[in-house]
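Chains, contacts and geometry: an overview
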Amino acid sequence: MAHKNSQIKDEPAMRKLLERMPDPIAESFTNDQLLHLKIALGARQWGKHKVDFRGTVALPFVPSKIYYVLLMGKNHRDLSRTEKAVSAFTVTLFVSLFIFICVLVGLLVIYLLKSALGINLFENFSLGIWSWFKGLW
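Described in the following lines is the structure provided in the data block. Owing to the predicted nature of the structure, the values given are computational and were not obtained by experimental measurement.

Attention shifts here to the overall build of the protein. Across its full length, the protein holds six helices and two strands. The N-to-C order of helical and strand elements in the protein reads α-α-α-α-β-β-α-α. A compact globule built from 137 residues would reach a C-alpha radius of gyration of about 14 Å, whereas the protein, at 30 Å, exceeds it by more than 25%. Principal axes of the C-alpha set define a box for the protein whose edges measure 90 × 45 × 25 Å. Here the protein holds 137 residues, and the buried ones make up 10% of them. Of the contacts made within the protein by residues no fewer than 6 positions apart, 20% connect residues no fewer than 24 positions apart. Accessible area for the protein stands at about 12200 Å²; split by element, carbon and sulfur atoms hold 66% of it.

So, in structure tokens, the structure goes:
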């Protein structure tokens, strides 16, 4: 029984949990208590995802299977400084791309309206967009 108890205490997650406690308390846990703590903590970490997609793939010519896990849900933990920086950069990138695409679409609409009204800014010069657009209809 002491062997099983030491095995559970040697697991990385359990070791991390026990290191955060005073030594007398950490040593007072029985094998059953540690096992139930492990189950309870495991259920808490993996039980609340909106998307939980898991599976295995057997690839040809590879002797073992490969597993994949896709988990998505609300992040309830505090972000580190690096994660906050990456998050801010990602939001800035997507907002910039959205504005850039909106400006391009706006310029295209203005160009098509200009061409439809027969306004030429430069004589004998065309981007060919109006001809292409007329060819669609």
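This paragraph deals with helix α5 (residues 81–116). For α5, built from 36 residues, the straight-helix expectation of 52 Å at 1.5 Å per residue is met to within 8% by its first-to-last C-alpha distance of 52 Å. Taken as a whole, α5 has its buried residues at Y111, L112, K114 and S115. Looking at the buried residues of α5, the elements they touch are α6 (129–136). Directly after α5, the chain includes G118, whose backbone phi takes a positive value near 80°.

This part covers the pattern of salt bridges. Enumeration according to the criterion identifies two salt bridges in this entry. Between E11 and K38 there is a salt bridge whose closest N-O contact spans 3.0 Å. With a gap of 27 residues between them, E11 in the loop between α1 (2–10) and α2 (12–19) and K38 in helix α4 (residues 31–46) connect regions that are remote in the sequence. Using a relative accessible area of 26% as the deciding quantity, one classes E11 as partly exposed. With its nearest N and O atoms 2.6 Å apart, the salt bridge here joins R54 to D52. Here R54 falls in the partly exposed class, since its relative accessible area comes to 42%.

Topologically, L59 is positioned in the loop between β1 (51–57) and β2 (66–72). Overall, L59 belongs to the partly exposed group, its relative accessible area being 37%. Between the C-alpha atoms of L59 and D32, which are 27 residues apart in sequence, the distance is 39 Å.

This part covers the packing of α5 against α6. Packed helix pairs are specified by the crossing angle of their axes together with the interaxial distance, meaning the distance between the axes. Between α5 and α6, whose axes approach to 10 Å, the crossing angle comes to 85°. As the angle between them shows, α5 and α6 are arranged roughly perpendicular. Residue-level contacts link L108, Y111, L112, S115 and A116 of α5 to I129, W130 and F133 of α6. A class-by-class count of the residues in the contact of α5 with α6 yields seven nonpolar, one polar and no charged.

So, on to unusual backbone geometry. Its identity as a non-glycine residue notwithstanding, F61 has a phi of 70°, on the positive side. Notably, N124 is not glycine yet its phi reads approximately 60°, a positive angle. Relative to the elements of secondary structure, N124 occurs in the loop between α5 and α6. Accessibility expressed as a relative area gives 83% for N124, which makes it exposed.

Thresholds applied
- Residues numbered from 1 in each chain as written.
- Predicted model: local features only at pLDDT ≥ 70, side-chain atom pairs only at ≥ 80, totals over all residues.
- Heavy atoms only, no water.
- Helix = DSSP H or I, 4+ residues; strand = E, 2+ residues; numbered from the N terminus.
- Rg over C-alpha atoms; globule rule 2.2 N^0.38 Å.
- Buried < 20%, exposed > 50% of the residue type's maximum accessible area, 1.4 Å probe, protein only.
- Contact = heavy atoms within 4.5 Å.
- Areas by Shrake-Rupley, 256 points an atom, 1.4 Å probe, with all protein chains shown as cover.
- Expected span 1.5 Å × (residues − 1).
- Salt bridge = Lys/Arg side-chain N within 4 Å of Asp/Glu carboxyl O.
- Axes fitted to C-alpha atoms, helices over the stretch in contact; angles between N-to-C directions.
- Parallel < 35°, antiparallel > 145°, perpendicular 65-115°, else oblique.
- Nonpolar A, V, L, I, M, F, W, Y, C, P; charged D, E, K, R; others polar.

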